[in-house]
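# Summary of the model geometry
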Amino acid sequence: MTRFLVRLGLTFVLITGAAHAQRPGNFTIVGPGGGGAMFRPVVSPHDPNTVLVACDMTGAYISHDGGKSWRMFNLRGVAEFFVFDPQDKNVIYVKSTALWRSEDNGDSWKLVYPKPAAVKGVKMNSDHSDEDVIADPNPLGDISAMAIDPANSKILYAAGGDRKNGPFSLNISRDAGESWSKLGDLPAAALKVFVNQAASEDQRSTVVAGSNFIAIRKLSGTTNVPVPAGQKITDISVGFTPQGNPVFYAISDERTASVSDDLGANWRKVQFGKGDIKQRAIATSLLHPEIAYVSYRDLEDGALKYMGVAKTTDTGRTWKLVWKEDIDPSGKPGANVHDAWITPKFGSDWAENPLTLSVANQDANLVYATDLGRTMKSSDGGATWDAVYSQKSNDGGWTTTGLDVTTSYGYHFDPFDKNRQFISTTDIGLFRSEDGGKSWIQSTDGVPRDWRNTTYWIVFDPAVKGRAWSVNSWTHDLPRPKMWRRSGVGKYRGGVCISNDGGKTWAKSNNGMDQTAATFILLDPTSPVDSRTLYVTGFGRGVYKTTNGGKSWTLKNTGITQKEPFAWRISRDNKGTLYLLISRRSEDGSNGTDKDGAIYRSTDGAEHWTPVAMPEGSNAPNGLAIDPKDPDRLYLATWARATGEHGDGGGIYLSEDAGKTWKQVLDRDRHIYDITIDPRDAKILYAAGFESSAWISQDAGEHWTRIPGFNFKWGHRVTPDPENPKAIYITTFGGGVWHGTVDGQDRALDIATPELQPAK
């Protein structure tokens, strides 16, 4: 084992200790931590150090040490809620694509509903390969909320139905989900279900709340609680007094908060401070309803506006600001808010005020707040708030605690310094490590401010120490359709920057190039050192070329027939032939239209382009790799069309005649993002995609096996570790960067139900 891997191994031990089950291949997360939206923190009622957090990019996270370290697990969809068993500390439920249960404190998960025997398939033909479990019978429909009886953990209450069309119902299982019966109809989908933890069984109440209703169900009957007049509920939290009376805290669609402790007869508006205050999230303790916290912004104090969290200790009659930060980007952070790297780099309002709040049942002083980039924790009732997504390293950089929600496009190595490494990301720009990946700092100094959101790629000059080029844009998440379906490419901002100090600082270098979402840059290694030839793909513009190292650029689209071509990637073989990938515009599953993606070839340095035939039935090229010794051998990663159950036309294709003909060599995964050739052995190939898998081929692409240990839903690209031939980095769409080896034991991970394990 190299010294580099020993360091990573030590980092893994220090960060995770014995708190989490080890993954096959010892996969761990590399990066600064945080960076994306997080939701729905929940603290275990048995152990205040065990907490769960969800994100909008399919990752779910569990900590057993109060947020010092986190393990991501993935159930192939966004985690919509978590529920702890009130009797058994090892049993946890989570709803994502289905309802899952862990019996080993979050290490592995088994399908509860629908029952495995009822599963007929998994539909995942959408652009994001979103998964819908197809089951028959399916009496509950889509479960939107759940609670467990405090005295008998086999009794589950679940609200379900067809979220688009209804009908909706509250259902009960008395055998831990083996069978279900309907308790009653609901007027709409439920947001949450709460059960009184203290009352006797004959007096115990179950509260079901939706956007336009609150219902209290007891053995004696159901009581409907009036909601705040004329408003829809967007967030609700309920606690019960020692006498068993519910206290309701609600946020409406008008972004105002209200409190009721008299069964909805009266709702008191949450009021504090001046200005048009907007409230976003609210939470109380199930056992201490007199204490609650609310997230706010636009509170006015003098000439400034503030955001943060307010707290009540008297059931909403009075409120105190326990988190108050200036919204202005140049404003000072709150003195009691101890953030990691996000506030110092971007300002206190970059992540905004909390999206969700959660209060521990057993301790109303223990609060978690999540926002657009962080998870923050208070253990003293809001007196202080601490970041739990990242921690400071000894040399001043930052290292993840495992709570990573970043989209990363590439993992890059300085050819002159193996310890200088880069991650090109969305939302948080480019990050640099000077210590072999142990700690990270943002590296966008000099990049124009309106380009800093995303660095799609960087390339180093192999002959000049310190020289590098980056492509940057404010438009992120390309080539996903959500980024271009509503906005014309003329609004895109971005371009090329150059660095002469190893990526520490950058200067704009796009003379002659229109503002564009620049997604890739390729350097011709045979060009003169003092006048490098480079190519850039401009999404919606085409191909730009420079022959003077980036001093000036010229558009080179001759032969490209697409209007505003979605130029995405460009590759070069060992003889100088270029291949250009044009992303697909269509989303309807069609093929053979002017909205198809395309492949083009140029043999004269991009002066002219000619089309290359796509594989039959495929119209979305996403990645292309060329054998370094045989330029006729091409490997193509394609994206499925939205047809059929699994999507058609996606996977990996092989051509042995420079694209004249293709054969499919992988179709188990039909949303392949990219394909990579190992520079040490051209017979070893890697691929990753949006179906919870990374892949390896050891026979030049003819056969593929799934790499154990990686199971994040949306994978991007595999990069071989130059220090270890068995190790790889995997960049992802919203799950940070993973690092591990390819030779881990092939065993069930996270998903223990065989019918739904990835690649099955």
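What you see is a predicted model; the values in this text were computed from it and never measured.

## Describing the pairing of strand β19 (residues 221–225)
Here is the key point about a regular strand: its side chains alternate between the two faces of the sheet. In terms of strand pairing, strand β18 (residues 214–218) meets β19 through five bridges, oriented antiparallel. Pairing of Arg-217 across the sheet is with Thr-222, part of β19. If you look at the hairpin formed by β18 and β19, you'll find two residues sitting between the two strands.

## Focus: the sheet that holds strand β45 (residues 542–546)
Hydrogen bonds between backbone atoms are what pair the strands of a sheet, whose relative direction is either parallel or antiparallel. Strands sit in the order β43-β44-β45-β46 across an open sheet of four strands; the sheet is antiparallel. Each edge of the open sheet carries a strand with a single partner, namely β43 (517–523) and β46 (554–555). Relative to strand β44 (residues 534–539), β43 runs antiparallel, the two sharing six bridges. Note on β44: the bridge partner recorded for Ile-521 is Val-536.

## Considerations on empty space enclosed by the protein
Enumeration over the complete set of coordinates arrives at five cavities of 30 Å³ or more. In this structure, the second largest cavity is lined by Asp-127, Pro-479, Arg-480, Pro-481, Ser-583, Arg-584, Ser-586, Ala-620, Pro-621, Asn-622 and Trp-639. When its residues are assigned to classes, the lining of the second largest cavity shows five nonpolar, three polar and three charged.

## Side note on the pattern of salt bridges
Across all of its chains, the model carries 42 salt bridges by this definition. Among the ionic pairs, Asp-261 bridges to Arg-317, the shortest N-O distance being 3.2 Å. You can see Asp-261 sitting in the loop between β22 (257–260) and β23 (268–269) and its partner Arg-317 sitting in the loop between β26 (304–312) and β27 (320–326), a full 56 residues away along the chain. Residues Arg-420 and Glu-434 are paired through a salt bridge, measuring 3.1 Å at the closest nitrogen-oxygen approach. Here Arg-420 is found in strand β36 (residues 417–425), whereas its partner Glu-434 is found in the loop between β37 (430–433) and β38 (441–442), with 14 residues between them in sequence. Since its relative accessible area comes to 12%, Arg-420 is described here as buried. The structure contains a network of salt bridges with shared partners spanning Asp-276, Lys-278, Arg-297, Asp-298 and Asp-349.

## Brief notes about unusual backbone geometry
Of note, the bond from Tyr-113 into Pro-114 is cis; its omega dihedral lies within 30 degrees of zero at 0°. Mapped onto the elements, Pro-114 comes out in the loop between β9 (108–113) and β10 (119–123). For the peptide bond that leads from Asp-136 to Pro-137, omega is 5°, which places it in the cis range. Of note, Pro-137 is situated in the loop between β11 (132–135) and β12 (145–148). Within the chain, Arg-40 stands out as a residue other than glycine whose phi angle is a positive 50°. With respect to the helices and strands, Arg-40 occurs in strand β2 (residues 38–43). Given the relative accessible area of 28%, Arg-40 is considered partly exposed. Phi angles above zero are rare outside glycine, and Ala-658 is one such case at about 60°. As for its position among the elements, Ala-658 is in the loop between β53 (651–655) and β54 (663–666). Residue Ala-658 is classed as buried on the basis of its relative accessible area, which comes to 9%.

## Considering the side chain of Asn-125
Relative to the helices and strands, Asn-125 resides in the loop between β10 and β11. One polar contact links the side chain of Asn-125 to the main-chain carbonyl oxygen of Gly-644, over a distance of 2.5 Å. With near-sequence residues (within four places) excluded, Asn-125 lies in contact with Arg-641, Ala-642, Thr-643, Gly-644, Glu-645, His-646, Gly-647 and His-671.

## So, the packing of aromatic side chains
All told, the structure shown has 28 aromatic pairs when counted by the stated rule. Between Tyr-411 and Tyr-729, the ring centres sit 3.9 Å apart and the planes meet at 15°, which makes this aromatic pair stacked. One end of the pair, Tyr-411, is in strand β35 (residues 408–414); the other, Tyr-729, is in strand β60 (residues 727–732), and 318 residues separate them in sequence. Grouped by ring-pair contacts, the aromatic residues Tyr-409, Tyr-456, Trp-484, Phe-539, Phe-566, Trp-568 and Tyr-673 constitute a single cluster.

## Observations concerning the sheet that holds strand β55 (residues 672–677)
Pairing is antiparallel in the open sheet, where four strands are placed in the order β55-β56-β57-β58. Pairing within the sheet leaves two strands with one partner each, and these edge strands are β55 and β58 (705–706). In terms of strand pairing, strand β57 (residues 694–697) meets β58 through two bridges, oriented antiparallel. Within β58, the residue paired with Ile-696 across the bridge is Thr-705.

## Concerning the nonpolar core
By size, the foremost hydrophobic cluster in this structure holds 105 residues, and its most contacted members are Trp-385, Leu-478, Ile-521, Val-536, Trp-609 and Ile-730. Membership of the second largest hydrophobic core comes to 20 residues, among which are Leu-52, Phe-73, Ile-92 and Leu-756.

Thresholds applied
- Residues numbered from 1 in each chain as written.
- Predicted model: local features only at pLDDT ≥ 70, side-chain atom pairs only at ≥ 80, totals over all residues.
- Heavy atoms only, no water.
- Pairing = 2+ DSSP bridges.
- Helix = DSSP H or I, 4+ residues; strand = E, 2+ residues; numbered from the N terminus.
- 1 Å grid on protein atoms, 1.4 Å probe; cavity = no way out; pocket = protein on both sides within 12 Å on 5 of 7 lines; lining within 4 Å.
- Points joined across faces, edges and corners; volume = space filled by probe spheres on them.
- Nonpolar A, V, L, I, M, F, W, Y, C, P; charged D, E, K, R; others polar.
- Salt bridge = Lys/Arg side-chain N within 4 Å of Asp/Glu carboxyl O.
- Buried < 20%, exposed > 50% of the residue type's maximum accessible area, 1.4 Å probe, protein only.
- Polar contact = N/O pair within 3.5 Å; in protein donor to acceptor, adjacent residues only side chain to side chain.
- Contact = heavy atoms within 4.5 Å.
- Phe/Tyr/Trp six-rings, centres within 6.5 Å; stacked < 30°, edge-to-face > 60°.
- Core = buried A, V, L, I, M, F, W, Y, C linked by side-chain atoms within 4.5 Å.

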